[in-house]
Amino acid sequence: MTAILPWATLTVCLLIAVARIPSAIRGENRALFYLFSLITLDILLSIEGPYLAIDSWLGGFNLTNLLLRFLLYGTFLLLGVKLATGFGSPAGVRAIAGRAGLAVLVIVAALTAGFFLATDTRGSTVGLTELDWGPSLEAYAALGRLYPSYVAVCLVPGIGRTVAGAGPLLLRGASALLLLGLLLLVSTQAFPLIPLDNAWLKPLINYSAALATVLGLGGIWLSKAYYRRKSQGDPGISQKH
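Residues numbered from 1 in each chain as written. Predicted model: local features only at pLDDT ≥ 70, side-chain atom pairs only at ≥ 80, totals over all residues. Heavy atoms only, no water.

Remarks on the overall build of the chain
Then step 1. Counting its regular elements, the chain contains 11 helices and 0 strands.
Then step 2. Ordering the α and β elements of the chain from the N terminus gives α-α-α-α-α-α-α-α-α-α-α.
Then step 3. Here the C-alpha coordinates of the chain stretch approximately 65 × 35 × 35 Å along the principal axes.
Then step 4. Residues classed as buried in the chain amount to 41% of the 241 residues present.
Then step 5. Pairs at least 24 residues apart make up 71% of the contacts formed inside the chain by residues separated by at least 6 positions.
Then step 6. Just so you have it, the chain exposes about 12300 Å², and 69% of that area is on carbon and sulfur atoms.
Then step 7. Both charge centroids of the chain, one from 17 positive and one from 10 negative side chains, sit 21 Å from each other. (Helix = DSSP H or I, 4+ residues; strand = E, 2+ residues; numbered from the N terminus. Buried < 20%, exposed > 50% of the residue type's maximum accessible area, 1.4 Å probe, protein only. Contact = heavy atoms within 4.5 Å. Areas by Shrake-Rupley, 256 points an atom, 1.4 Å probe, with all protein chains shown as cover. Lys, Arg positive; Asp, Glu negative; His and termini not counted. Charge placed at Lys NZ, Arg CZ, Asp CG, Glu CD.)

Dropping the structure here:
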């Protein structure tokens with residue numbers, strides 16, 4: 001299961017990104033295409049084969065992991081602003097892209113780089129699982145989970161209101177799937193409590209969160225396109241929505 005899930009998640013991300021190409025060429029919501037492309041790249045860099053190949057080109061000291069961290073920070077900044085705006089959450093936009101939110105991002109990014117440089121990361125290993133874990137590596141890993149979880153927490157109220165509201169069923173269902181992905185992401189803060197014997201739960205939660213988030217995003221896009229076309233074909237529906 002844990003071996004198949006990363007590739008399944010990558011495939012779904014790639015298919016949705018490719019499906020967005022025609023709209024991006026037409027200049028329609030290009031940010032969504034960039035977002036799916038970034039998520040696809042994030043997933044690719046987290047899979048063992050591609051990770052080891054790329055890291056060997058970069059010197060074999062897990063620089064790819066640091067690159068992945070910064071890509072994830074950028075992905076969640078874009079994701080957070082896009083979703084907070086789309087779900088009508090000005091407070092969420094301020095918390096993510098306002099002074100406080102950007103300060104959180106800068107501090108987390110700076111500390112991430114600092115703890116990486118302070119750690120002996122020689123020997124390519126996906127997820128850094130084969131390194132000697134000490135305080136600096138623990139802090140580095142915690143920071144990598146912190147910013148995505150921060151963005152997720154900022155988004156939960158706005159998305160939760162849509163799920164609990166009286167909007168179109170397809171949109172609410174896709175939003176619920178997205179909400180599940182974000183809540184799974186927040187649950188990664190409990191990773192230090194997971195016993196070593198159950199370490200397989202960590203990639204399972206990570207990729208499940210990514211898959212649910214991507215499917216939710218894709219579902220929201222498709223549901224909005226469906227209702228838009230439906231309303232164009234029926235003036236009466238257009239007045240209701």
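Continuing now.
Points about the packing of helix H7 (residues 99–117) against helix H8 (residues 135–164)
Then step 1. Where H7 contacts H8, the axes come no closer than 9 Å and their chain directions differ by 155°. The angle between H7 and H8 places the two elements in the roughly antiparallel class. Both H7 and H8 take part in a crossing whose hand is left-handed. In this structure, H7 uses Gly101, Val104, Leu105, Val108, Leu111, Thr112, Phe115 and Phe116 to contact H8, whose residues at the interface are Ser136, Ala139, Tyr140, Leu143, Leu146, Tyr147 and Tyr150.
Then step 2. For the contact of H7 with H8, the per-class residue count stands at 12 nonpolar, 3 polar and no charged. (Axes fitted to C-alpha atoms, helices over the stretch in contact; angles between N-to-C directions. Parallel < 35°, antiparallel > 145°, perpendicular 65-115°, else oblique. Left-handed = near helix turned anticlockwise from the far one by under 90°. Nonpolar A, V, L, I, M, F, W, Y, C, P; charged D, E, K, R; others polar.)

What about H8?
Then step 1. Taking 1.5 Å as the rise per residue, H8 with 30 residues should run 44 Å; its terminal C-alpha atoms sit 42 Å apart, in good agreement.
Then step 2. Of all the bends in H8, the largest measures some 40° and sits at Val156, one to four residues before the proline Pro157. (Expected span 1.5 Å × (residues − 1). Bend = angle between axes of the 7 residues up to and from the residue.)

Some points on the confidence of the model for the chain
Then step 1. Averaged over every residue, the pLDDT of the chain is 91; residues scoring 70 or more account for 95%.
Then step 2. Looking at the elements of the chain, mean pLDDT is at its lowest for helix H11 (residues 235–240), recorded as 39, and at its highest for H7, recorded as 97.
Then step 3. Considering only residues more than four positions removed or in separate chains, one finds that residues 234–241, a stretch of pLDDT under 50, has 4 contacts. (pLDDT = per-residue confidence, 0-100.)

Things to note about the nonpolar core
Then step 1. Counting residues in each nonpolar core, the largest one holds 40 residues, and the members touching the most others are Ile43, Leu83, Tyr147, Leu155, Ile159, Leu178 and Leu217.
Then step 2. Those elements giving two or more residues to this core turn out to be helix H1 (4–19), helix H3 (30–46), helix H5 (63–86), H7, H8, helix H9 (169–187) and helix H10 (201–233).
Then step 3. Residues in contact with Ile159, not counting those within four places in the same chain, are Leu83, Phe87, Ser175, Leu178, Leu179 and Leu182. (Core = buried A, V, L, I, M, F, W, Y, C linked by side-chain atoms within 4.5 Å.)

Thoughts on the packing of aromatic side chains
Then step 1. Summed over all chains, the structure comprises 5 aromatic pairs.
Then step 2. Here the aromatic rings of Tyr73 and Tyr147 are separated by 5.8 Å at their centres, their planes lie at 80°, and the arrangement is edge-to-face. Placement of the pair is Tyr73 in helix H5 and Tyr147 in helix H8, with a sequence separation of 74 residues. We note that Tyr73, like Tyr147, is buried. (Phe/Tyr/Trp six-rings, centres within 6.5 Å; stacked < 30°, edge-to-face > 60°.)

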